[in-house]
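As a plain string of letters, each chain reads:
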Amino acid sequence: MYDIFADSRAPISAPLPLLVRGFSRANAAASQLMCQNDEGPAGKDSNHGETVIYADEWVFLVPDLICDIANGVLWKIHLDLEAISASSSEVQTILEFLQRRKLEANKAKQLCLAIARTIILERRPVPMVARAIDVLVNFFSLSIKTGIYQAGSKVERSSTASGSNVNSAVGESIDQADASEKSLKQESASGMHDKSIVNSSSFTSDTEDNVSFAPNRGKSKNVHLSSSKQDGGYLVGTDISGVEAQPSVIRPQAPGPGSTPLRTDEQQESLVTSAAISPDDLCSFVFAPVEEEIAGDSSYLVAVIVEFLRSANLERLKVPPNIYILMIQLLARNENYAELGLLIMNKIIEPSKEVAMQLLASGRQNFQTKKLGLDMLRELTLHHDYVLLLVQDGYYLEALRYARKTKVNTVQPSLFLEAAYASNDSQHLAAVLRFFSDFIPGFNSTTDHQKYSRCLAEINSVVTA
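- For the protein chain, the name recorded in an unreviewed UniProt entry is Mic1 domain-containing protein, with Nicotiana attenuata as its organism.

Quick look at the overall build of the protein chain
Turning to step 1, where the next piece is worked out: A count of helices and strands for the protein chain gives 21 helices and 11 strands.
Turning to step 2, where the next piece is worked out: Taken across its 465 residues, the protein chain has 45% of its residues classed as buried.
Turning to step 3, where the next piece is worked out: Sequence separation of at least 24 residues holds for 69% of the intrachain contacts in the protein chain that already meet a minimum separation of 6.
Turning to step 4, where the next piece is worked out: If you sum the accessible surface of the protein chain, you get close to 24,400 Å²; carbon and sulfur atoms cover 53% of it.

Considering the environment of A431
Turning to step 1, where the next piece is worked out: Summarising the element assignment, A431 is placed in helix α20 (residues 426–439).
Turning to step 2, where the next piece is worked out: Overall, the relative accessible area of 26% leaves A431 in the partly exposed class.
Turning to step 3, where the next piece is worked out: Residues A431 and A420, 11 residues apart in the sequence, show an inter-C-alpha distance of 9.1 Å.

A word on the pairing of strand β5 (residues 73–76)
Turning to step 1, where the next piece is worked out: Side chains V73 and W75 project from β5 onto one buried face, and the interleaved L74 and K76 project onto a second face that is buried too.
Turning to step 2, where the next piece is worked out: Here four bridges tie strand β4 (residues 65–68) to β5, and the two strands are oriented antiparallel to one another. Pairing of D68 across the sheet is with V73, part of β5.
Turning to step 3, where the next piece is worked out: A loop of four residues connects β4 with β5, the two strands running antiparallel in sequence, and G72 in this loop sits at a positive phi of about 65 degrees.

Section: the packing of aromatic side chains
Turning to step 1, where the next piece is worked out: One pass over the full model with this rule turns up nine aromatic pairs.
Turning to step 2, where the next piece is worked out: Residues F287 and F308 carry aromatic rings whose centres are separated by 5.7 Å and whose planes lie at 65 degrees to one another, so their mutual orientation is edge-to-face. Within this pair, whereas F287 is found in helix α11 (residues 279–293), its partner F308 is found in helix α12 (residues 299–314), the two being separated by 21 residues in sequence. One exposure class covers both F287 and F308, and it is buried.
Turning to step 3, where the next piece is worked out: Relative to F436, the ring of F435 has its centre 5.3 Å away and its plane inclined at 85 degrees; by these criteria the two rings are edge-to-face.
Turning to step 4, where the next piece is worked out: On the basis of relative accessibility, which here comes to 18%, the residue F435 falls in the buried class.
Turning to step 5, where the next piece is worked out: On the basis of relative accessible area, F436 is assigned to the buried category, the value being 4%.
Turning to step 6, where the next piece is worked out: Above the ring of F97, the side-chain terminus of R101 is found at 4.1 Å from the ring centroid.

Concerning the pattern of salt bridges
Turning to step 1, where the next piece is worked out: Throughout the structure, instances matching the rule amount to 14 salt bridges.
Turning to step 2, where the next piece is worked out: E291 serves as the salt-bridge partner of R333, at 2.3 Å between the closest nitrogen and oxygen. Of this pair, R333 sits in helix α13 (residues 321–333) while E291 sits in helix α11, and the two are 42 residues apart along the sequence.
Turning to step 3, where the next piece is worked out: Among the ionic pairs, K371 bridges to D375, the shortest N-O distance being 3.0 Å. In this pair, K371 and D375 both sit in helix α16 (residues 367–379), four residues apart, roughly one turn of the helix.
Turning to step 4, where the next piece is worked out: In this structure K371 comes out as partly exposed when scored by relative accessible area, which is 36%.
Turning to step 5, where the next piece is worked out: Connected through salt bridges with shared partners, the residues D3, R100 and R101 form a single ionic network.

Side note on the packing of helix α17 (residues 383–392) against helix α18 (residues 396–406)
Turning to step 1, where the next piece is worked out: Between α17 and α18, whose axes approach to 8 Å, the crossing angle comes to 165 degrees. Overall, the two elements α17 and α18 adopt an arrangement that is roughly antiparallel. The handedness of the crossing between α17 and α18 is left-handed. Residues H383, Y386, V387, L390 and V391 of α17 form the contact with α18, whose own contacting residues are Y396, E398, A399, Y402, A403 and T406.
Turning to step 2, where the next piece is worked out: Of the residues that constitute the contact of α17 with α18, the class distribution is eight nonpolar, two polar and one charged.

Side note on a nonpolar patch on the surface
Turning to step 1, where the next piece is worked out: A cluster of nonpolar side chains, namely V59, L61 and I69, defines an oily patch on the protein surface of about 270 Å² accessible area.
Turning to step 2, where the next piece is worked out: Structurally, V59 can be placed in strand β3 (residues 59–61).
Turning to step 3, where the next piece is worked out: Judged by relative accessible area, V59 falls into the partly exposed class, the value being 35%.

With respect to unusual backbone geometry
Turning to step 1, where the next piece is worked out: Positive phi, close to 65 degrees, is recorded for K347, a residue that is not glycine.
Turning to step 2, where the next piece is worked out: Tracing the chain through its elements places K347 in the loop between α14 (337–345) and α15 (353–362).
Turning to step 3, where the next piece is worked out: The backbone of K407 shows a phi angle near 60 degrees, a positive value even though the residue is not glycine.
Turning to step 4, where the next piece is worked out: By the element assignment, K407 lies in the loop between α18 and α19 (413–422).

Quick look at the nonpolar core
One broad trend across soluble globular proteins is that nonpolar side chains are buried collectively.
Turning to step 1, where the next piece is worked out: Membership of the largest hydrophobic core comes to 90 residues, with the highest contact counts inside it found for I120, F287, F308 and F416.
Turning to step 2, where the next piece is worked out: Among residues more than four places away in sequence, those in contact with F287 are I120, L282, L301, V304, I305, F308, I323 and L326.

Reading guide: rules and limits
- Residues numbered from 1 in each chain as written.
- Predicted model: local features only at pLDDT ≥ 70, side-chain atom pairs only at ≥ 80, totals over all residues.
- Heavy atoms only, no water.
- Helix = DSSP H or I, 4+ residues; strand = E, 2+ residues; numbered from the N terminus.
- Buried < 20%, exposed > 50% of the residue type's maximum accessible area, 1.4 Å probe, protein only.
- Contact = heavy atoms within 4.5 Å.
- Areas by Shrake-Rupley, 256 points an atom, 1.4 Å probe, with all protein chains shown as cover.
- Pairing = 2+ DSSP bridges.
- Phe/Tyr/Trp six-rings, centres within 6.5 Å; stacked < 30°, edge-to-face > 60°.
- Lys NZ or Arg CZ within 6 Å of the ring centre and 35° of its normal.
- Salt bridge = Lys/Arg side-chain N within 4 Å of Asp/Glu carboxyl O.
- Axes fitted to C-alpha atoms, helices over the stretch in contact; angles between N-to-C directions.
- Parallel < 35°, antiparallel > 145°, perpendicular 65-115°, else oblique.
- Left-handed = near helix turned anticlockwise from the far one by under 90°.
- Nonpolar A, V, L, I, M, F, W, Y, C, P; charged D, E, K, R; others polar.
- Patch = residues over 30% accessible without salt bridge, like charges linked within 9 Å, V, L, I, M, F, W, Y side chains within 5 Å.
- Core = buried A, V, L, I, M, F, W, Y, C linked by side-chain atoms within 4.5 Å.

Here's what the structure looks like:
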């Protein structure tokens, strides 16, 4: 099988068996009788021709139909993405193939995520994993530039919500087909002959207009239920095992109040035009699950994430802070603080409030890492958070000087006063009280001033005693 949208002429996967989808035995028997009554000898000939799964007379119709005029068969092609993915060992090629799928985009996306997780868990060579990540990042960047990604995601959610109704719709249409057999006979007797009677089968694959098949000779023995709608009628069928397939009838039916359309989900899926994977998806469904499963040294996963950052930077994509936070956690877990410092100073890990807070949390065992977090808060001009953290760490005098310099007035005076009182230093407490009395109008009449003035007097009395 080849993908005509691919630059390479190499096949996507090895030849795969065809799976024929037919009709239910009960309906097939009734349909066969009706075909014989309606078409006479011609109907019998077409029934014999259904055993021919491959034929030189096939006419390929864009995008997904094959017409076998000699045997009266109309085939509809579907791609089995899971089978194709499993049959190929070329990770980069199969990811490119899946990313180009315009139908069943959600399934293609899930398969890409599964492949990415697998190659990382198997610890494939980093260059090979990097090429796979480049494919995902490049296709996501392209979908953003063309405006496909958001539209695809929106339709994908609605398609998923409506997917649960397909099975019930198939069952209802089968009941409608049985109920209309009598009326069909009457229509045939009155001259309203249905010229759309064909034998319908389908392959295991998705409808695609960018896939070509090399004709093969052989027969398939795997057959199961399929249903579709063609030219205003429903194709309803049954399980068949063996080479011979039973005839089926396309019965035109005008949509009415009692009819249930079978292609609601198919129509919505056709609007999903991209299987692109965002950086958030990679973090949530690839890197985070892998991090939970790996044991021991996590330097391999860090190297993979660095390759992702390189690829995202080339495409000028915004990386979510969660990926940086995961990197910090992995490096701190292995106590690779020197490497973490280099990643911060070289801006490989981009500064943000979330990253700064993670550095502070991971720096409890390493002062230099904690200092990197504080410096990042200052760099981001997050003065309130910087002052608050200084106070919490006991550096309340330094926090006061910084707050006065940057004109921070959002931190409650009680935090500074409580920290000074906890130090049991009367000079520091007096200095803090004087600072707020000088720079906050009306502070002398507040309860904080009265409370800590009494506390200062108590400390002085104890020192004097």
